[in-house]
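Architecture and fold: a report
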Amino acid sequence: MDEEKEFDPLEEILRPLIVLLGTVAITVTAGLLIDRLLRYAARRRPGNQLPTLLRRVQMPVQVLLGALALHATYPLAHLDLPQDVMIRTGLATAAIMAAAWCVIRAADAVAENTLRSYARRTQDITRVRQLRTQLGLVRRIVTSVLVVTTAAVVILLLVPSLRTLGTSLLASAGVIGIIAGVAAQSTLSNLIAGLQIAFGDSVKIGDTVVVEGEWGIVEEITLAFLTVRIWDDRRLTMPVSYFNNKPYENWSRGGSQLTGTVFLYLDHSTPVPLLREHLEEYLRTRADWDGRSWGLQVTDSTPTNIVVRATMSAADADDAWNLRCAVREEMLAWLGRNHPYALPKISTAITDSPLGDRHLALVGDRSD
């Protein structure tokens, strides 16, 4: 009887196939059932995006269920292979990695749903950008911790030959922590700076900043670096610790509204009241002027010219930049058409060259 069991080819082939195919079928069915339930929940509550976002977890859930099911049903296959321990260790490893994958995907779905829900409930764009920055950093921290923890569990618990090494490492964790802290001071400082930025509200994703003389918009904040998209589409990448150690301009801090300034260097005969009236008329035709404030004043005077400062308010940095350029062009063009004598002039003089030739320096005296 034992010989018949030992050499029964039908049983040795069918049993593993039945166990394998049955486990896979049950796993796929469970994954499809979970997906159907999430679709049903999404249809019942269209305003809640969480069930739709959680559908991203379907693949890691199926991998997790399949690894657990195969690990549990593997003894039923009666394969009796020399690699049985290695196979079951691999299945357990896959289950642990799939569990971490599930948690990361679920955390991403919950964070995105929280951000969308908050964006629908509030009109304050600044708060939305702040929450987006905080959730982004928290997700990266959770992902990093899960990856490191999963790797440690796989190495220390599933590989017997390394358990003794793991115990020794844990026993000397204090010394290793001190050494690692000294060796990775910059990395740790950037990590702490990233948390301070996320929860200190000093700079957020979407803020308009001026850093190192470059004007741009904060595009991404990670645990180590911050990326600024400059106006000409270049990317300026800097360590996040920079924003805790050095001064910078944040034009979005306290609101996105700005006041633009244009300086004009004109002749003393400039009709300032007429120029002021034209500025008001022109601003009323501009859609990028928010109507809050405007002004035109003579801020300085020199023996050769006067300095006229025009100010105008705008809703954000982009509108302020475009409005400043447009006002500068319009004011100079208007003066050139109607009051050309108001444009700056340079005095002319007759000079003698070393060779005795007489030259006339013609430098655009518009009054002649």
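Residues numbered from 1 in each chain as written. Predicted model: local features only at pLDDT ≥ 70, side-chain atom pairs only at ≥ 80, totals over all residues. Heavy atoms only, no water.

Some details on the sheet that holds strand S7 (residues 294-301)
Taken in spatial order, the 3 strands make up an open sheet running S6-S8-S7, and their pairing is antiparallel. Since the sheet does not close on itself, it has two edges, and those belong to strand S6 (258-266) and S7, each with one partner. Going across the sheet, the axis of each strand differs from the next one's by a mean of 25°, ignoring polarity. As paired elements, S6 and strand S8 (residues 306-314) share 9 bridges and run antiparallel to each other. From the neighbouring strand, leucine 264 faces S8, where its bridge partner is valine 308. Packing against the sheet, helix H11 (residues 272-283) makes contact with S6, S7 and S8, and its axis sits at approximately 145° to S7. Lying on the sheet, helix H12 (residues 317-338) is in contact with S6 and S8; it crosses S6 at an angle near 25°. (Pairing = 2+ DSSP bridges. Helix = DSSP H or I, 4+ residues; strand = E, 2+ residues; numbered from the N terminus. Axes fitted to C-alpha atoms, helices over the stretch in contact; angles between N-to-C directions. Contact = heavy atoms within 4.5 Å.)

Some words on H12
The end-to-end C-alpha distance of H12 is 31 Å, a good match for the 32 Å that 22 residues give at a rise of 1.5 Å each. Tucked inside the fold, the buried residues of H12 contact strand S1 (208-211), strand S2 (214-221), S6, H11 and S8. Regarding H12, its N-cap is aspartate 316, as a side-chain oxygen of that residue lies 3.3 Å from the backbone nitrogen of aspartate 318 further along. (Expected span 1.5 Å × (residues − 1). Polar contact = N/O pair within 3.5 Å; in protein donor to acceptor, adjacent residues only side chain to side chain.)

Notes on the sheet that holds S1
The strand order across the open sheet built from 5 strands is S4-S3-S2-S1-S5, with neighbouring strands paired in antiparallel fashion. A single partner strand is all that each edge strand has here, and the edge strands are strand S4 (235-239) and strand S5 (249-250). Here strand S3 (residues 225-230) runs beside S4; their pairing, made up of 5 bridges, is antiparallel. Counterpart to arginine 229 in the pairing with S4 is arginine 235.

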